[in-house]
Amino acid sequence: MSYIGICEYVIGIIHDKDIWYYVGEKDANGKRLRTDERYSSFLVDARRYDDLDVLRWELERLPKTLTYKILEIQRCPKCKKEFTEYPALSREDNETEICPECGVKEAMDVYLKNQ
Ligand SMILES: [Zn+2]
């Protein structure tokens, strides 16, 4: 299995069928964020943790009214984009883990070639 880079984690918040990301209590300038500003639907806004213990400690302090999930950031070797969803297996070698978007694209390419 290919392994890329340092492991980084984010806190995901399960919201209906979507996942939001925990941004943190403060912004980059140290300004305290409103409760509704502490979550974002974009991974790029998410607060990143390279230490799972630190992440778990913060998780303990978050309101218990929401459902959280620890997500690992992975980088797709095909499109180089970051993702946290469950990876797809590349059809090219059947072992490289790629992002779900590239997985769908590969499947579509195979389908179109067979037309
Ligand atoms: Zn990709």
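Computed from a prediction, not measured in an experiment: that's the story for all the values here.

Peer 1: So what about the layout of surface pockets? Which residues, and what values?
Peer 2: Approximately 330 Å³ is the volume attributed to the largest pocket. Contributing to the lining of the largest pocket are 16 residues, with Tyr 21, Phe 83, Thr 84, Glu 85 and Pro 100 lying nearest its centre. Those elements that provide at least two residues to the lining of the largest pocket are strand E2 (18-22), strand E4 (67-75), strand E5 (82-83) and helix H2 (100-113). Ranked by the residues each element gives to the lining of the largest pocket, the list is headed by E4, at four residues. Broken down by class, the residue content of the lining of the largest pocket amounts to nine nonpolar, one polar and six charged. Split by domain, the residues of the lining of the largest pocket number at least three in each of domain 1 (1-75) and domain 2 (78-115).

Peer 1: Summarise the coordination of the zinc ion; cite the residues concerned and give the values.
Peer 2: Coordination sphere of the zinc ion, protein contribution only: Cys 76 (SG), Cys 79 (SG), Cys 99 (SG) and Cys 102 (SG), at 2.3 to 2.4 Å. Read in sequence order, the donor residues coordinating the zinc ion give the pattern C-x2-C-x19-C-x2-C.

Peer 1: Could you give me a rundown of the pairing of strand E1 (residues 8-15), with the residues and numbers involved?
Peer 2: Where a strand is regular, its side chains alternate between the two sheet faces. Note: E1 against E4, seven bridges, orientation antiparallel. Paired with Gly 12 across the two strands is Lys 69, which belongs to E4. Judged from the four bridges that link them, E1 and E2 form a sheet pairing that is antiparallel. Across the sheet, Ile 13 pairs through a bridge with Trp 20, a residue of E2.

Peer 1: An account of the environment of Tyr 21 is needed here, citing residue identities and associated values.
Peer 2: Summarising the element assignment, Tyr 21 is placed in strand E2. Accessibility expressed as a relative area gives 8% for Tyr 21, which makes it buried. Sequence separation between Tyr 21 and Arg 48 is 27 residues, and the spatial gap between their C-alpha atoms is 9.9 Å. What Tyr 21 contacts, discounting residues up to four positions off in sequence, is Val 10, Ile 11, Ile 13, Arg 38, Tyr 39, Ser 40, Ser 41, Phe 42, Leu 43, Ala 46, Leu 71 and Thr 84.

About the criteria used
Residues numbered from 1 in each chain as written. Predicted model: local features only at pLDDT ≥ 70, side-chain atom pairs only at ≥ 80, totals over all residues. Heavy atoms only, no water. 1 Å grid on protein atoms, 1.4 Å probe; cavity = no way out; pocket = protein on both sides within 12 Å on 5 of 7 lines; lining within 4 Å. Points joined across faces, edges and corners; volume = space filled by probe spheres on them. Helix = DSSP H or I, 4+ residues; strand = E, 2+ residues; numbered from the N terminus. Nonpolar A, V, L, I, M, F, W, Y, C, P; charged D, E, K, R; others polar. Domains from an automatic or database assignment. Donors = N, O, S within 2.8 Å, 3.2 Å for Na, K, Ca; no water. Pairing = 2+ DSSP bridges. Buried < 20%, exposed > 50% of the residue type's maximum accessible area, 1.4 Å probe, protein only. Contact = heavy atoms within 4.5 Å.

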